[in-house]
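Residue-level structural notes
Chain by chain, the residues run as shown.
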Amino acid sequence: MSLTLGPTTAEGGTVAPAAPAPSRAGRLVRNTPIGVWIAAALFAFLVLAAVVPSVFLRQDPFEIDPANAFQPPGGAHLFGTDQNGRDVFSRVIAGTGQSLLLGLAATAIGLLLGGALGITAGVSGRWLDSAICRFVEILFAFPGLLLALIVIAVSGTGVVTAAVAVGVGSAPGYARMLRTQTLQVIAAPYVETALALGRSRTHLLWSTIIPNVARPLFVLVTLGIGQAIVWASSLSFLGLGAQPPAAEWGAMLADGRNYLQVAWWIAAFPGIFITLAALTTTVVGHHLQRRLEAEV
């Protein structure tokens, strides 16, 4: 029979084996607040409802049943029914996809426009940089939602127009952030070294500057989607985005505002989901931003 002895100290005692270092996944779980996990789980639920709404749908969201109009929340209708007898829960779930898609499309448009302006300003000479900065400052003179309303006044109403309008309204903010990020990358030692070695500016732009500027874009997208959803829902609430009988949160909110005293649930639940989408994306986005800054 053999015995395995651990290392001993000078006094003859046995030293306890060192505890294994926590894995990367373990550190991630330990360093992530519970509130962030809750927000991530709720956002995952919204994404699942947007991608496969049939998993949650209980009834046809567009089926009209006047005999069951204004039914309060209960077993047969989890969120109640609206003035036309349509199931509010089914309409909220069906509207998740359109609302999230609107927010994502508007964020993508804002990033493309803002990225084109910001990166161009960062890598250009002084006169073009100054001209772009003055143009962005003019756009900043208008609140983002007001800028979106101006775009809709010129282009007309509709879901596509609302996405473009919200994207244009958010573009100045993205342009300023991406210009700052571009200037930081250009001032980095590895870029200065590459220029000293004779690398062309065009090659550096596509191989080094844009990839490094794009690193924080995921955080910007996460933060921007929530704001874009709120803005797009606001336009639909004003009748400038999705039009009835579309199952879109802002349109549903507008549809139920005339019945708040007799059927509060028609407007309350779409409003809760708008708030939920904005809150979850903001919480997750801020957590990702803090982690990214800690790694730099």
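Residues numbered from 1 in each chain as written. Predicted model: local features only at pLDDT ≥ 70, side-chain atom pairs only at ≥ 80, totals over all residues. Heavy atoms only, no water.

1. Some thoughts on the overall build of the chain
The helix and strand tally for the chain stands at 11 helices and 0 strands. Taken from the N to the C terminus, the helices and strands of the chain come in the order α-α-α-α-α-α-α-α-α-α-α. In the chain, which comprises 296 residues, the proportion classed as buried is 39%. Taking as baseline every contact in the chain between residues at least 6 positions apart, the subset at least 24 positions apart corresponds to 67%. Summed over its atoms, the accessible surface of the chain is roughly 16,100 Å², and 67% of this surface lies on carbon and sulfur atoms. (Helix = DSSP H or I, 4+ residues; strand = E, 2+ residues; numbered from the N terminus. Buried < 20%, exposed > 50% of the residue type's maximum accessible area, 1.4 Å probe, protein only. Contact = heavy atoms within 4.5 Å. Areas by Shrake-Rupley, 256 points an atom, 1.4 Å probe, with all protein chains shown as cover.)

2. A short note on helix H6 (residues 159–186)
The end-to-end C-alpha distance of H6, which contains 28 residues, comes to 39 Å, matching closely the 40 Å that a straight helix rising 1.5 Å per residue would cover. Taken as a whole, H6 carries its principal kink of about 40° at Ala171; the proline Pro172 stands between one and four residues after it. (Expected span 1.5 Å × (residues − 1). Bend = angle between axes of the 7 residues up to and from the residue.)

3. Observations concerning the environment of Tyr259
Among the structural elements, Tyr259 can be located in the loop between helix H10 (249–256) and helix H11 (265–295). Residue Tyr259 is classed as partly exposed on the basis of its relative accessible area, which comes to 26%. Distance from Tyr259 to Phe70, taken between C-alpha atoms, is 9.2 Å for residues 189 residues apart in sequence. Contact partners of Tyr259, with chain neighbours within four places excluded, come to Phe70, Gln83, Trp264 and Ile266.

4. Quick word on the packing of helix H4 (residues 126–140) against H6
Where H4 meets H6, the axes come as close as 9 Å, and the angle between the chain directions of the two elements is 145°. In the packing of H4 onto H6, the handedness of the crossing is left-handed. Contacts from Asp129, Cys133, Val136, Glu137, Leu139 and Phe140 of H4 reach H6 at Pro172, Gly173, Ala175, Arg176 and Arg179. Of the residues belonging to the contact of H4 with H6, the class tally is 6 nonpolar, 1 polar and 4 charged. (Axes fitted to C-alpha atoms, helices over the stretch in contact; angles between N-to-C directions. Left-handed = near helix turned anticlockwise from the far one by under 90°. Nonpolar A, V, L, I, M, F, W, Y, C, P; charged D, E, K, R; others polar.)

5. Points about the packing of aromatic side chains
The geometry of two aromatic rings is summed up by the distance between their centres and the angle between their planes. Within the structure shown, the criterion is met by 8 aromatic pairs. Arranged with centres 5.1 Å apart and planes meeting at 80°, the rings of Phe45 and Phe56 form a pair that is edge-to-face. Placement of the pair is Phe45 in helix H2 (residues 34–51) and Phe56 in the loop between H2 and helix H3 (88–123), with a sequence separation of 11 residues. Given a relative accessible area of 28%, Phe45 falls into the partly exposed group. Judged by centre distance (5.9 Å) and plane angle (40°), the rings of Trp264 and Phe269 are tilted. Classification of Trp264 by relative accessible area gives partly exposed; the value is 46%. The side chain of Arg176 reaches across the aromatic face of Phe140, ending 4.2 Å from its centre. (Phe/Tyr/Trp six-rings, centres within 6.5 Å; stacked < 30°, edge-to-face > 60°. Lys NZ or Arg CZ within 6 Å of the ring centre and 35° of its normal.)

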